[in-house]
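Summary of the model geometry
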Amino acid sequence: MPRLRIGLIGWGTVGSALGELIESGPLPLELESVAVRDAARERSRALPDGVRIGLPEGVDVVVELAGGVDGPLGWARETLATGLPYVTANKALLASHGDELSRLAGANRGALLASASVGGGTPMIEMVEHLAATGQIESLRGIVNATTTYILSAMGEGRSYADALRAAQEAGYAEADPSFDVEGRDAAQKLAILASVAWGRWRGESEVDSSGIVGVAVQPGETIRLVAQATRERMTVEPIQLQTSSPLAAVAGVESILEVVVAGATFRISGPGAGGRATAGAVYADLARLVAGERPILFGGAS
Ligand code: HSE
């Protein structure tokens, strides 16, 4: 079988873990190029030998793990306009321009995949896609931001907010700008993506009523978590006090959880919501679908 040639943009925690997986995993993949902002910078995982450094050219699929919106929007438009698959973990891009990109993929018979954009390594988008087939999803509820879980549980054990935020950053959970985590934007973007898949209509981050955890007081012993919830009509992200018996209260550390109610029955999935290796695994699973000849388009691709 011919190898799928990958043009990777971004060599951070997830990008470099993906590079390792491409090298060691079972799929017929070849890393053709890696694009980074500054090739001369010292990094914890060296750029791979024998791989061209630069933006993708003449590849079969573009994988963008760079983050931000402006650069990725241009790369995504360019890739999808030529009918090539675009694989990304970029929730900010999808929660702001997902509708346009999905239509572009649909119009050009491309593919748009983003398993790693929500839930890190946990296949939340796939579960929602599966359950959405009957058109009977009633609601979504989950904890989809590891940084705030880490901070709120540490505060419940008596630590200060600042102390807990520093520890979450050191653990590598926080976004480059942690205000995205603590102000609820990371969770709002993920919720908008899940709700778009659940009800077959793209909804952006701006439609989420969102409040973060800045200034939230947590008494020792209290279980407060940043909970994301959606129905067909409304999307909210807010700190909520949970009963200790709630499955959501059991989530700790880097774990994320999602509950989907379909015709009165609750389906639940949980697992690592962040971290290089787990998140790279989700990107790798997207690539497996392309290798198998599938051409999935997130949000349906209808024009
Ligand atoms: N900053 C995110 C989190 C990383 O804390 O969950 C994964 O999207």
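Residues numbered from 1 in each chain as written. Predicted model: local features only at pLDDT ≥ 70, side-chain atom pairs only at ≥ 80, totals over all residues. Heavy atoms only, no water.

Topic: the packing of aromatic side chains
Going by this rule: Ring pairs are drawn from Phe, Tyr and Trp, using the six-membered ring of Trp, whenever the two centres fall within 6.5 Å, and their geometry is named by plane angle: stacked under 30 degrees, edge-to-face over 60, tilted for the rest. For the purposes of this entry, the term helix denotes a DSSP run of H or I that reaches at least four residues, the term strand denotes a run of E that reaches at least two, and both are numbered from the N terminus.
Inspection of every chain in the model, using the stated rule, returns one aromatic pair. With centroids separated by 5.5 Å and ring planes inclined at 75 degrees, the aromatic side chains of Tyr-150 and Tyr-173 adopt a geometry described as edge-to-face. Residue Tyr-150 is found in helix H5 (residues 146–156), and its partner Tyr-173 is found in the loop between helix H6 (161–170) and helix H7 (179–182); the two are separated by 23 residues along the sequence.

Topic: the domain arrangement of the protein
Size of an interface: often given as the accessible area lost when the parts come together. How we decide: Where a domain begins and ends is set by an automatic assignment or by a domain database. Contacts are residue-level and defined by heavy atoms, with any inter-residue pair within 4.5 Å sufficient. Summed over both partners, buried area is the accessible surface (1.4 Å probe) that two parts give up on being assembled. Criterion for a salt bridge: a side-chain nitrogen of Lys or Arg within 4 Å of a carboxyl oxygen of Asp or Glu. Within 3.5 Å is the distance limit for a polar contact, defined as a pair of N or O atoms, with the added protein rule that one can donate a hydrogen and the other accept it, and that residues adjacent in sequence qualify only through two side-chain atoms. Residue classes follow a fixed rule: Ala, Val, Leu, Ile, Met, Phe, Trp, Tyr, Cys and Pro count as nonpolar, while Asp, Glu, Lys and Arg count as charged, and any other residue, Gly among them, counts as polar.
Examined at the domain level, the protein breaks down into domain 1 (4–120 + 276–302) and domain 2 (124–272). Between the C-alpha centres of domain 1 and domain 2 the distance comes to 25 Å. With 19 residues of domain 1 in contact, the opposing surface of domain 2 contributes 16 residues. A combined buried area of about 1500 Å² lies between domain 1 and domain 2, and 66% of that area is made up of carbon and sulfur atoms. Here domain 1 and domain 2 share two salt bridges between them. A salt bridge links Asp-186 to Lys-91; its shortest N-O distance comes to 2.9 Å. On the surface where domain 1 and domain 2 come into contact, there are five residue pairs in polar contact (both at pLDDT 80 or more). If you tally residues by element for the side of domain 1 that touches domain 2, the top one is helix H3 (residues 91–107), at eight residues. A per-class count over the side of domain 1 that touches domain 2 returns eight nonpolar, seven polar and four charged.

A word on H6
The condition is simple: Each residue is assigned to one of three classes by its accessible area relative to the maximum for its type, calculated with a 1.4 Å probe on protein chains only: buried under 20%, partly exposed between the two thresholds, exposed over 50%. Summarising the geometry, the arc corresponds to the directions from the helix axis toward the C-beta atoms.
Within H6, burial applies to Ala-164, Leu-165, Ala-167 and Ala-168. Here the buried residues of H6 occupy an arc of 160 degrees about the axis, which is enough to place them on one side. Turning to H6, the residues buried within the fold contact H5 and H7.

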